[in-house]
Amino acid sequence: MIKQLQKGMKGWLSIFLIVLVLAACADQSEPAKTSSDTSTATPKQTEETVQSKPKTKMFTAANGAVEVPETPQRIVVLAPNYAGYLFALGISPIGVPDFTMGNPYLKSKLQGVVNLGVNAPNEPTIEQVLALKPDLIIALTVIKTLDQLEKIAPTVTFESTKNNKELLLDLGKLTNREEQAKAWLNKWEEKISQYKTRIEEVANGRTFSIMYPSAKGIYMFREGYGRGTEILYGDFGLRMPDAAKSAFEPGKGFSIVSLESMPELAGDFIFAAPWLGDASGANTVYESPIWKGLPAVKEGRVFHIDYNIFTFSDPYSWEGQLEIILDKLLPKE
């Protein structure tokens, strides 16, 4: 009887052990829950997931309020002169227009940056921009493909007539480099203040013109349209002839005037360069009796400058142009 009872107990014990083993196997075969399962994620896991997403902010541009990365890393710049601003802030863009590639002051910095072509400021090739995987696109208001660009990345636009110093500050805010922008401007103001009094003494109340002669007329520029205007008219506060001011159409930074109008419009000092570098076209002006009869020409106050150097407008170009302006205007020590 006892032997039978022991035999029965051994049988039940065997069955109990088998059940335990099967239960353990079932536990091991159950898939582990992933961190993406938010229903069972711990508070710490949820916080880490939120922190891994790039932070954004709202930026008010010409095209309205745009949600942009707090600190963008891959910026496509379609505005022709804006790459120099970003370099001054310590940022290298990943794509720029063909025009930018011609800036002699940025040549070494643009190595490895993608050339987006001559049409990039107005109508870039969308596939080219998409391939760069930007997290921010910067353009001018003339852009024709804004809707398509906005599908690729946050896109902000600026007016082409925006004040250069305000633009640097705005780009600093946009890229989370506002302190760098302020530091650059402070250093620039210090440099201008070193020479401003001496430039004013040379000018002595006389007027200045920036003119690019060509076979079809003479291009004349006012402040805010590159060609050293930001320095001469802006930083140094020099004047253009009153008659010349009325030659500009509203909203335009340049005007094409005739050779015959030169006696009325030309300043006492002239900075001149052949339009588009076309020396033969400019010579039709330089060799004319009207040009040769101008007081600035007869008295040696025409300064011939390099078209390529003075066409660009950005912090690096301003520094180079300032050195040339100082060399032309100030007496050699």
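Residues numbered from 1 in each chain as written. Predicted model: local features only at pLDDT ≥ 70, side-chain atom pairs only at ≥ 80, totals over all residues. Heavy atoms only, no water.

Undergrad: Would you explain the layout of surface pockets in this entry?
TA: Think of a ball as big as a water molecule: rolled over the atoms, this probe shows where empty space is left. Of the pockets and cavities examined, the largest pocket occupies roughly 900 Å³. Taken together, 34 residues form the lining of the largest pocket, with Pro-80, Asn-81, Leu-140, Ser-160 and Tyr-225 sitting closest to its centre. Elements represented by at least two residues in the lining of the largest pocket include exactly helix 7 (164-174), strand 9 (217-221) and helix 15 (307-311). Of the residues in the lining of the largest pocket, the class split is 17 nonpolar, twelve polar and five charged. When its volume is computed, the second largest pocket comes out at roughly 150 Å³. What lines the second largest pocket is simply Thr-161, Lys-162, Asn-163, Asn-164, Arg-222, Glu-223, Gly-224, Tyr-225, Glu-230, Gly-251, Lys-252 and Gly-253. Of the residues that constitute the lining of the second largest pocket, the class distribution is one nonpolar, six polar and five charged. (1 Å grid on protein atoms, 1.4 Å probe; cavity = no way out; pocket = protein on both sides within 12 Å on 5 of 7 lines; lining within 4 Å. Points joined across faces, edges and corners; volume = space filled by probe spheres on them. Helix = DSSP H or I, 4+ residues; strand = E, 2+ residues; numbered from the N terminus. Nonpolar A, V, L, I, M, F, W, Y, C, P; charged D, E, K, R; others polar.)

Undergrad: Explain the sheet that holds strand 8 (residues 208-214) to me, please; I cannot follow it from the model alone.
TA: Within a sheet, each strand pairs with its neighbour through backbone hydrogen bonds, oriented either parallel or antiparallel. Reading across from one edge, 10-9-8-11-12 is the order of the five strands in this open sheet, with mixed pairing throughout. Edge positions in the open sheet fall to strand 10 (254-257) and strand 12 (302-304), since each of these has one partner strand only. Taking the axes of each pair of neighbouring strands and ignoring which way they run, one obtains an average angle of 30 degrees across the sheet. Bridging between strand 8 and strand 9 involves four bridges; their strand directions are antiparallel. If you follow Ser-214 over to strand 9, its bridge partner there is Gly-217. With respect to the sheet, helix 12 (residues 279-286) is in contact with strand 8, strand 9, strand 11 (269-272) and strand 12, its orientation differing from that of strand 8 by roughly 120 degrees. Sheet contacts for helix 16 (residues 315-329): strand 8, strand 11 and strand 12; angle to strand 11, the most-contacted strand, approximately 135 degrees. (Pairing = 2+ DSSP bridges. Axes fitted to C-alpha atoms, helices over the stretch in contact; angles between N-to-C directions. Contact = heavy atoms within 4.5 Å.)

Undergrad: Whenever I open this one, the packing of aromatic side chains confuses me. Can you help?
TA: Each aromatic ring pair is specified by the distance between its two centres and by the angle formed by the two planes. Counted by the stated rule, this structure contains 20 aromatic pairs. Between Tyr-82 and Tyr-85 the ring centres are 5.7 Å apart and the planes differ by 65 degrees, which places this aromatic pair in the edge-to-face class. In this structure Tyr-82 comes out as buried when scored by relative accessible area, which is 7%. Judged by relative accessible area, which is 3%, Tyr-85 ranks as buried. Members of the aromatic cluster, connected to one another through ring pairs, are Phe-59, Tyr-82, Tyr-85, Phe-158, Trp-184, Trp-188 and Trp-318. The ring of Phe-269 carries the charged tip of Arg-301 above its face, separated from the ring centre by 5.4 Å. (Phe/Tyr/Trp six-rings, centres within 6.5 Å; stacked < 30°, edge-to-face > 60°. Buried < 20%, exposed > 50% of the residue type's maximum accessible area, 1.4 Å probe, protein only. Lys NZ or Arg CZ within 6 Å of the ring centre and 35° of its normal.)

Undergrad: How do you make sense of the nonpolar core when you look at a structure like this?
TA: Side chains of nonpolar character tend, in soluble globular proteins, to be buried together. Residues Tyr-82, Ile-138, Tyr-212 and Met-262 are the most contacted members of the largest nonpolar core, which totals 80 residues. Here this core takes seven residues from helix 8 (residues 178-203), the largest share from any one element. The residues touching Met-262, leaving out its near neighbours within four places in the chain, are Met-211, Ile-218, Val-257, Ile-290, Trp-291 and Leu-294. Of all hydrophobic cores here, the second largest spans 15 residues; its members include Val-76, Val-129, Ile-137 and Leu-146. (Core = buried A, V, L, I, M, F, W, Y, C linked by side-chain atoms within 4.5 Å.)

Undergrad: How should the pairing of strand 11 be read in this particular structure?
TA: Across a regular strand the side chains alternate sides, sitting on one face of the sheet and then on the other. Across the two faces of strand 11 the burial is the same, with Phe-269 and Phe-271 and Ile-270 and Ala-272 all buried. With four bridges joining them, strand 8 and strand 11 adopt parallel strand pairing. When the sheet's bridge partners are listed, Ser-209 is paired in strand 11 with Ile-270. As paired strands, strand 11 and strand 12 are joined by three bridges and run parallel to one another. In the sheet register, Phe-271 faces strand 12, and the bridge partner there is Phe-303.

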